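Fold and geometry: a report
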Amino acid sequence: MKVMITIRGEFVSPRFDLSPEVLIATYYDQELLEEPRSIIVSDVSAEIICDLALKENVAIVVCGAIEEQHYQFLTWKKITVIDAVIGPYVDVLQSVMDNTLQSGAILAGAGAKEGTT
Amino acid sequence: MKPESLLHVSPVFSELLNAIPHGIAFLDTNLCIVVMNRFLEVMTGYGNAEARGVYSEFILRSNLGNKNQMCREVLESGESVSKDGNIINRQRKKIPVHFTLSCLHDEQGQAAGFIIVLEDMSVLKSVESKHQGLAQETGILGHSPQMAKVFELMSVLARTDAAVLITGETGTGKDMIAEALHESSQRARQPFIKVNCGALPEALLESELFGHVKGAFTGAVTETVGMFRLAHKGTIFLTEIGDLSLPLQVKLLSVLDDQEFFPVGGSKKVKVDVRIIAATHCSLRQEVQQGHFREDLFYRLNVLHLHMPPLREREGDIRLLLDHFLRQFSGKLGRGITSFTRKAMDVLSHYHYPGNVRELRNIAEYSANICQGKKVGTKDLPQYLFQSSEVSPRPAAISAPPLVSAREEVQPMTKMAGGWTAIEKEMMVDALRKTGGNRSKAADLLGWGRTTLWRKLKKYEMA
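Residues numbered from 1 in each chain as written. Chains lettered and ligands numbered in written order. Predicted model: local features only at pLDDT ≥ 70, side-chain atom pairs only at ≥ 80, totals over all residues. Heavy atoms only, no water.

Bringing the overall build of chain A into the picture now. Along chain A, the regular secondary structure elements total three helices and seven strands. Counting every position in chain A, which comprises 117 residues, the buried fraction comes to 53%. (Helix = DSSP H or I, 4+ residues; strand = E, 2+ residues; numbered from the N terminus. Buried < 20%, exposed > 50% of the residue type's maximum accessible area, 1.4 Å probe, protein only.)

For chain B, the helix and strand inventory stands at 23 helices and 14 strands. Per-residue burial over chain B gives 48% buried out of 463 residues. By sequence separation, contacts in chain B at least 24 residues apart represent 63% of the contacts at least 6 residues apart. Split by element, the accessible area of chain B, about 22700 Å² in all, is 53% carbon and sulfur. (Contact = heavy atoms within 4.5 Å. Areas by Shrake-Rupley, 256 points an atom, 1.4 Å probe, with all protein chains shown as cover.)

Another point: the interface of chain B and chain A. Taken together, the contacts link 25 residues of chain B with 23 residues of chain A. Our count for the chain B to chain A interface comes out at four salt bridges. A salt bridge links Arg92(B) to Glu68(A); the shortest N-O distance between them is 3.5 Å. Connecting chain B to chain A are six residue pairs in polar contact (both at pLDDT 80 or more). Looking at the side of chain B that touches chain A, the elements that each hand over two or more residues are α4 (48–51), α5 (56–60) and β3 (81–88) of chain B. Residues of the side of chain B that touches chain A, tallied by class, amount to ten nonpolar, seven polar and eight charged. (Salt bridge = Lys/Arg side-chain N within 4 Å of Asp/Glu carboxyl O. Polar contact = N/O pair within 3.5 Å; in protein donor to acceptor, adjacent residues only side chain to side chain. Nonpolar A, V, L, I, M, F, W, Y, C, P; charged D, E, K, R; others polar.)

Here the focus is the environment of Ala162(B). Structurally, the position occupied by Ala162(B) is in the loop between α8 (145–159) and β6 (164–168). Considered as a pair, Ala162(B) and Val303(B) are 141 residues apart in the sequence and their alpha carbons are 6.9 Å apart.

What follows deals with the sheet that holds β3(B). Residues and elements named next belong to chain B. Spatially, five strands are ordered β2-β1-β5-β4-β3 in an open sheet, and the strand pairing comes out antiparallel. Each of the sheet's edge strands pairs with one partner strand only, and the pair in question is β2 (33–36) and β3. The sheet shows a mean angle of 30° between the axes of neighbouring strands, taken without regard to direction. The pairing of strand β4 (residues 94–105) with strand β5 (residues 111–120) spans nine bridges and is classified as antiparallel. Looking at β5, one finds that Phe-99 is bridged to Leu-118. (Pairing = 2+ DSSP bridges. Axes fitted to C-alpha atoms, helices over the stretch in contact; angles between N-to-C directions.)

Attention now goes to the confidence of the model for chain B. Residues and elements named next belong to chain B. For chain B, mean pLDDT is 81; residues scoring 70 or higher make up 87% of the total. When mean pLDDT is taken per element in chain B, strand β11 (residues 275–280) scores highest with 92 and helix α19 (residues 394–399) scores lowest with 35. Throughout residues 131–138 the model reports pLDDT below 50, and contacts reaching past four residues in sequence, or to other chains, amount to twelve contacts. Between residues 390–417, whose pLDDT stays under 50, and residues either more than four places distant or in other chains, the model counts 31 contacts. Both scores are given for the predicted complex: the pTM is 0.49, the ipTM 0.92. (pLDDT = per-residue confidence, 0-100.)

Turning our attention to the packing of helix α1 (residues 46–55) of chain A against helix α2 (residues 68–76) of chain A. Residue and element names in this part refer to chain A. Axis separation between α1 and α2 bottoms out at 11 Å; the angle between their running directions is 10°. Judged on the interaxial angle alone, α2 and α1 are roughly parallel. Across the interface between the two elements, Ala-46, Glu-47, Cys-50, Ala-53 and Leu-54 of α1 pack against His-70, Phe-73 and Leu-74 of α2. (Parallel < 35°, antiparallel > 145°, perpendicular 65-115°, else oblique.)

For the coordinates displayed, the defined rule picks out 24 salt bridges over all chains. Where Arg8(A) meets Glu57(B), a salt bridge forms, and the shortest distance between an N and an O atom there is 2.3 Å. Placement of the pair is Arg8(A) in strand β1 (residues 2–8) and Glu57(B) in helix α5, with the two residues belonging to separate chains. Between Arg187(B) and Asp161(B) there is a salt bridge, with the nearest N and O atoms lying 2.8 Å from each other. Residue Arg187(B) is found in the loop between α9 (174–183) and β7 (192–196), and its partner Asp161(B) is found in the loop between α8 and β6; the two are separated by 26 residues along the sequence. On the accessibility criterion, Arg187(B) (8% relative accessible area) is buried. Relative accessible area serves as the criterion here: at 47%, Asp161(B) is assigned to the partly exposed category. Three or more residues are tied together by salt bridges with common partners; here these are Lys2(A), Arg37(A) and Glu56(A).

The structure is reproduced here in structure tokens:
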């Protein structure tokens, strides 16, 4: 299963359309098949990231805030979108692999408080 | 005084915050949310319980860039900083916002936190776009006597605070009417919350409407306020009210009567001040007779009733709307299309528009995209317009008796050769066949929303 996470620094980027970087990971049976790779987005734009998701043929996109039109576009292209996710991308990736991540999840480390999924 | 301590000063403080018609958040020095007012909760879609302690940029989701930039400016200048930008809320809607960030100081004059004010600029932006002659997206157009009656009734309904029931076929603009009623009512500056009762299963809908307490059911890890509390002092719009289950109808009735309810799993009653606007495409009276809808709730909702006439009954509006939408799409696409040719207009004015204004809008968009010249001809119109008129002479039968209400018109049709149901089934099968079974494309072709097609497929057991 191939997953793409839009990131900024150590966290899932708050905005899909303003993500400077994406992380692409491939996993099977809760194990990474290869070292995740990150791609710096040439121009910050939702369309470019959507295009990248299609080119990379990912099955899941994990992101923060996303506009309805881009969400609909990705789901129309049979990509599962888990949006409104808040937290460090390392933990988010682990949750995706454990199949426990849901839209709107706020993970621990998203601020001063101890959050939960 | 630290922002955290403000919470304990007095209950009046939170009342005061909630009374301000702008989104307000207090941040600590780490730029984490300490408290938000109700307006900001509605604007962002996050409740205080889940947002507290989380970095503000993850909750506000603005386009102002890195969290530190604006705060550094405030700390350096010692003055408030204002900027225009936007946020994307949890409902995936982009809202234009005017941000104002100010620093809070303690007794020693040290920075103790920040206060951020978010002013919703969507109304102003839409007014600006209207002035520029751009898409009048929020406007309701119509010069027909039927629409004149609707506008007349709307001005009366906007002045009252009673529940309103809007009925009408799919695509007639029930949602727009509800929003317009809210915008012209005294609650205009308060939230307008739309809930589609047909889109969620019963258990989820109850929690969505009335909220739940922490631990109410498996997976309820945080408290949710629910749409009714989010719409406090504003308006809640319940669309597809006919799809509401009977147990929820009882709960809704009690809210309408007492303006209070228990959240799911809660033991404390919550009082709300909400105006209810409900809409449905089906005949609620018929649903009552069949035992699918409670009679008492029907009479409670039916205080003020507004029926949206189908487009085929609105004399003269087809041309007006076609011109409007063509101008709008032509402007958006940067084309110089001026009008329809006489032949094309003949075809369009004799079509029966089962998808009403939504379908007409789609036809105009299609034409604006396809047309290469200055005038839209018959070759630039969607092909199904010609096919449906060749296959069945029913459009003429439908558009023939003007000034007759929709209900009176549909009944005789049902007696003829399978009636409207059969026609609708046939149209759906045709559309699905043409699009190779693709429901989204079939819905577009019919001029319906995808959900409408899905609902109708289910209704006729074709899914």
